[in-house]
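Chains, contacts and geometry: an overview
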Amino acid sequence: MKTFGVIHFMKKYFLFLSLMLFLGGVIIAQNVDSLEKKPVRPKVGLVLSGGGAKGFAYIGLLKVLQEVNLHIDYIGGTSIGSIIAAMYAVGYAPDTIAKIIRSQDWEALLTDKINRKYINFEDKIYAENYIVSLPLTKKSVGLKEALYGGQQVGLMLNHVLSNTYNIRDFHKLPIPFLCVGTDLLTGKSIQLTSGYLPFAVRASMSIPGYFTPTYYQGHYLVDGGVVNNFPVMDVKKMGAQLIIGGNVQQGLTKNIKKLDSFTKILNQVISFNRVASNKQAYKNTNLLINIKMNYGVMDFTKYDSIIAIGERTARVYYPELKALADSLNAIKYIPANVCHAKPLDSIYINDIEVQGLKKLKPQFVTHIFKDIIHKKISLKKLDEKVTYAYGTNYFNHVFYELQGQNDSARLILKVQEKSLGTIRASVHYDNDYSGSFLVGATFRNLLSGTKLYVDAVLGPNPRGRVLFLLQNGRSLGLGVKINMYSFGFDTYSGEVKTDRVTFTNFSGSAFLNATVKNIYNFRAGFKYEYLRFGMKYDTTDVGELINDFNSYGNLFVSFRSDTYDNRLYPRKGFQSVLVARYVFPLSEGWAREVFAPALVTYFKYNQAIPMGRKFTLRPGIFVGATIKGNNLSPIQDYFTFGGLNTSNYIENFQDFTGVKFSQRGGLFAAVLRMKLQYQLSKKHYLILRCDMGSNTENFNALLNRSNFMIGYGLTYSYNSFIGPLELTLMSSNQKKNLQAFVNIGYWF
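Per an unreviewed UniProt entry, the recorded name for the protein chain is Putative patatin-like phospholipase, and the organism is hydrothermal vent metagenome.

Next comes the structure, spelled out in structure tokens:
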């Protein structure tokens, strides 16, 4: 330990001595030129290397620089170093930078995850239940150019650096700034010293394979760290004579066991290209502060620990930094950099321009932003509008640039349209629908502003769906839907099984469609159904009649909403469905004589209410009524209770804890639900559930105690990559013995 202390002391001594000799040499050189001139204060440059989450350590370094009163004349960085350097360059205090870092949802930020309420309404139904998703081009199925487009990172940078939107020369920032990117076509390091600051920083941190490359000032750029992860020479060319370097790189690993993730292997591969440039950079750094730690480049949630390590390491160099600051201030006093910056609160939008469209028309995008033009709006609202546009799922990214002066700006939206489509696949098993395989595809812009959803369930209960939507940026669009399915279920008298029914349905509908903020959806139209119920054992006249295919017409209106933050395990938000449809037989003959036209209406509402960090209360209600004449109602007009499947083929079929699938049916129904969700750990949940309700043929009997149902159970759920893996133990007053229900995979 004594030997280590002596070595450390000698390193610090020689480092301090070299700084003083350099400083003295500069002064002597200046005095040789003219003994009458006062010495000129040397310019200090601060360089921050790339290194992913480890770069949070620079916040601690900046704090110490402020304490010793050391003024920085130039600053530059790469990747995460460019983010921290840019924030300091525009005037953020170290504590403010730390506050910004702590306020981010880093998992969402790094994976382009947006709040679910912003996601396109139909995508919440058709695109959230898949395991595999691949882009589809005109020629083939392929892989994306990167895992993520950097949408959320771009929004964060726009917000944080908004106070300098009108500065296009980075030398005119409070601290002259640069960052570097790597030209993907030439492999050369590119200095980024002008343009739109958020875009420049975004380009500098385009990690190959993780974030998509960035087009910037005629270059196609990836992360600057590929060839120049420590841009010392670039900052020296700006005019810096003394270089202080913050370095969180840890070089090439020699331990195979440490290469245990995609990002670690990627970092190792990239590091080979940095060796030569790093050697030159280290050689030209006057005070190199190596910040070593056991955290990795993706440990973004460990910010507090990493910041603390950075400050602790910087304090080891406190004497040198203080001596340097005092020596420079003795030549000419310049206080530490002023740090009072904060993001813009609001801005006046005087115009809007959309760049990058190929198939979509500009009004498709401008329609979303129409209510903010010629208005002063908050940046928060602007970010929401951009997120809504991204949530339409027509774009790989929706970035924006502000151009203007004096709190008034032109909003330039830079978009990249997604490929022709996406194909997806998933698997599922539950006690009621058995095992099945789902394949689906989404096609965009077959005609401008259209989406086509196609999916098929392959298994014992097959289903096919086609949904075509035309929404050219107008409030009201058009839709066509085709649905085909066949599934079997049992009928009961109490607990006794009476028959096995196979329901086969072919339907098509055309409707007006309106979606507001990707949250609320309204439809009104006509639906044609061609269906039959095959009764396995019933040989009565009614059984034979409904075994034939018959046609029905539906005039319908529906209103739906969905603000759940998570489809499977919501913590907040609500879902609701309100449907009214007038059903009438179209087939000639017996169907018109036996079955009466009916008005079928129902309302469903579920909510999630957070109760502390772990608990979520999830109340819900369902009420439905079929109003008809004296004739019979066809089976599809009945409300049926039972099972736990939340994605039944027929919406009249409602899950009910502790009751067998389709065990109870009637024309009038009411259910009150209550779930208490507890998050055991990141992916493990317990859900205590209770359903109470009634389901009868006659409205007057709905509140009769003899018809009252209560079911209760406990579900263990694991959020796996194929969807929820669930085991539910449950019972009810309809079937008192304990039942087990198994669900594997996403519901569809």
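Next comes the rest of the account.
Side note on the overall build of the protein chain
Counting its regular elements, the protein chain contains 17 helices and 32 strands. In the protein chain, which comprises 748 residues, the proportion classed as buried is 54%. Considering only contacts in the protein chain between residues 6 or more positions apart, those separated by 24 or more positions represent 65%. Summed over its atoms, the accessible surface of the protein chain is roughly 33,300 Å², and 59% of this surface lies on carbon and sulfur atoms.

Regarding the packing of helix 7 (residues 151-160) against helix 15 (residues 379-391)
Running from N to C, helix 7 and helix 15 point in directions that differ by 160°, and their axes come no closer than 11 Å. As the angle between them shows, helix 7 and helix 15 are arranged roughly antiparallel. Where helix 7 crosses over helix 15, the two elements pack in a sense that is right-handed. Residues Gln151, Leu155 and His159 of helix 7 pack against Leu379, Asp383, Val386, Thr387 and Tyr390 of helix 15. Tallied by class, residues from the contact of helix 7 with helix 15 come to 4 nonpolar, 3 polar and 1 charged.

So, the packing of aromatic side chains
Following the criterion strictly, the structure yields 39 aromatic pairs and no others. With centroids separated by 6.0 Å and ring planes inclined at 55°, the aromatic side chains of Phe170 and Phe177 adopt a geometry described as tilted. In this structure, Phe170 and Phe177 share a single accessibility class: buried. What links up through ring pairs into an aromatic cluster is the set Tyr433, Tyr485, Phe487, Phe489, Phe503, Tyr649, Phe653 and Phe661. We note Arg424 situated over the ring of Tyr130; from NZ or CZ to the ring centre the distance is 5.6 Å.

What about the side chain of Asp490?
On the secondary structure map, Asp490 appears in strand 18 (residues 477-493). Residue classification places Asp490 among the buried residues on the basis of a relative accessible area of 14%. Among the polar contacts made by the side chain of Asp490, one reaches the side chain of Lys497 at a distance of 3.5 Å. Here Arg500 takes part through its side chain, which lies 3.1 Å from a polar atom of the side chain of Asp490.

Re the nonpolar core
Phe177 and Phe369 are the most contacted members of the largest nonpolar core, which totals 110 residues. Ranked by residue count, the leading element in this core is helix 3 (residues 80-89), at 8 residues. Residue contributions to this core reach at least three from each of two domains, namely domain 1 (44-112 + 151-172 + 230-253 + 262-331) and domain 2 (346-417). If near-sequence neighbours (up to four positions away) are discounted, Phe369 is found in contact with Ile352, Leu382, Lys385, Val386, Ala389, Leu411 and Leu413.

A closer look at the sheet that holds strand 26 (residues 653-654)
Across the sheet, which stays open at both edges, the 3 strands sit in the order 26-25-27 with mixed pairing between neighbours. Of all the strands in the sheet, the pair left with one neighbour each is strand 26 and strand 27 (664-666). Pairing of strand 25 (residues 639-641) with strand 26, which is carried by 2 bridges, proceeds in the parallel orientation. Residue Phe641 lies in a different strand from strand 26, and its bridge partner there is Gln654.

Some remarks on the side chain of Glu401
On the secondary structure map, Glu401 appears in strand 12 (residues 395-405). Of the residues examined, Glu401 reaches a relative accessible area of 7% and is grouped as buried. Within the structure, Glu401 has its side chain in polar contact with the side chain of Gln403 (distance 3.2 Å). Not counting chain neighbours up to four residues away, the residues in contact with Glu401 comprise Arg168, Tyr196, Phe199, Arg410, Leu411, Ile412 and Lys414.

Section: the pairing of strand 13 (residues 408-417)
The buried count for strand 13 comes to 7 of 10 residues, which makes it a mostly enclosed element. Strand direction decides the pairing type here: strand 10 (residues 346-355) and strand 13, joined by 7 bridges, are parallel. Directly across from Asp351, in strand 13, lies its bridge partner Arg410. With 10 bridges connecting them, strand 12 and strand 13 associate as antiparallel partners. By the bridge assignment for strand 13, Phe399 is matched with Lys414. Hairpin connection between strand 12 and strand 13: a loop of 2 residues separates the two successive antiparallel strands, and Asn406 in this loop has a positive phi of roughly 55°.

Quick word on the environment of Gly440
Within the fold, Gly440 resides in strand 15 (residues 434-444). In sequence terms Gly440 and Ser133 are 307 residues apart; their C-alpha atoms lie 9.3 Å from each other. Residue contacts for Gly440: discarding those within four places in its chain leaves Tyr130, Thr422, Ile423, Arg424, Val454 and Asp455.

Some words on the pattern of salt bridges
Counted by the stated rule, this structure contains 22 salt bridges. With a closest N to O distance of 3.9 Å, Asp455 and Arg463 form a salt bridge. Accessibility assignment for this pair places Asp455 and Arg463 in one class, buried. Between Asp490 and Arg500 there is a salt bridge whose closest N-O contact spans 3.1 Å. Taken together, the residues span a long stretch of sequence, with Asp490 in strand 18 and Arg500 in strand 19 (residues 496-516) at a distance of 10 residues.

Quick notes on the packing of helix 12 (residues 303-316) against helix 13 (residues 318-331)
Where helix 12 meets helix 13, the closest approach of the two axes is 4 Å, and the angle between their N-to-C directions is 65°. Judged by the angle between their axes, helix 12 and helix 13 are roughly perpendicular. In contact with Ala314, Arg315 and Val316 of helix 12, helix 13 contributes Tyr318, Pro319, Glu320 and Leu321. For the contact of helix 12 with helix 13, a count of residues per class yields 5 nonpolar, no polar and 2 charged.

Brief notes about the sheet that holds strand 13
Think of a sheet as strands paired side by side through backbone hydrogen bonds, with each pair either parallel or antiparallel. With mixed pairing, the 4 strands of this open sheet are ordered in space as 11-10-13-12. In the strand order of this sheet, the two ends are held by strand 11 (375-378) and strand 12, each with one partner. The sheet shows a mean angle of 45° between the axes of neighbouring strands, direction not considered. Most of the contacts of helix 15 go to strand 12, to which it runs at about 150°, and overall it touches strand 10, strand 11, strand 12 and strand 13.

Details of helix 3
With 10 of 10 residues buried, helix 3 lies mostly within the body of the structure. Within helix 3 the residues assigned to the buried category are Ile80, Gly81, Ser82, Ile83, Ile84, Ala85, Ala86, Met87, Tyr88 and Ala89. Positive phi shows up at Gly91, right after helix 3, with a value of about 110°.

Overview of helix 7
Within helix 7, 9 of the 10 residues are buried, which leaves it mostly tucked inside the rest of the structure. Among the residues making up helix 7, those that are buried are Gln151, Gln152, Val153, Gly154, Leu155, Met156, Leu157, Asn158 and Val160. Along its buried surface, helix 7 packs onto helix 3, helix 4 (94-103), helix 5 (106-110), helix 8 (197-204), helix 15 and strand 12.

Quick notes on the rules
- Residues numbered from 1 in each chain as written.
- Predicted model: local features only at pLDDT ≥ 70, side-chain atom pairs only at ≥ 80, totals over all residues.
- Heavy atoms only, no water.
- Helix = DSSP H or I, 4+ residues; strand = E, 2+ residues; numbered from the N terminus.
- Buried < 20%, exposed > 50% of the residue type's maximum accessible area, 1.4 Å probe, protein only.
- Contact = heavy atoms within 4.5 Å.
- Areas by Shrake-Rupley, 256 points an atom, 1.4 Å probe, with all protein chains shown as cover.
- Axes fitted to C-alpha atoms, helices over the stretch in contact; angles between N-to-C directions.
- Parallel < 35°, antiparallel > 145°, perpendicular 65-115°, else oblique.
- Left-handed = near helix turned anticlockwise from the far one by under 90°.
- Nonpolar A, V, L, I, M, F, W, Y, C, P; charged D, E, K, R; others polar.
- Phe/Tyr/Trp six-rings, centres within 6.5 Å; stacked < 30°, edge-to-face > 60°.
- Lys NZ or Arg CZ within 6 Å of the ring centre and 35° of its normal.
- Polar contact = N/O pair within 3.5 Å; in protein donor to acceptor, adjacent residues only side chain to side chain.
- Core = buried A, V, L, I, M, F, W, Y, C linked by side-chain atoms within 4.5 Å.
- Domains from an automatic or database assignment.
- Pairing = 2+ DSSP bridges.
- Salt bridge = Lys/Arg side-chain N within 4 Å of Asp/Glu carboxyl O.

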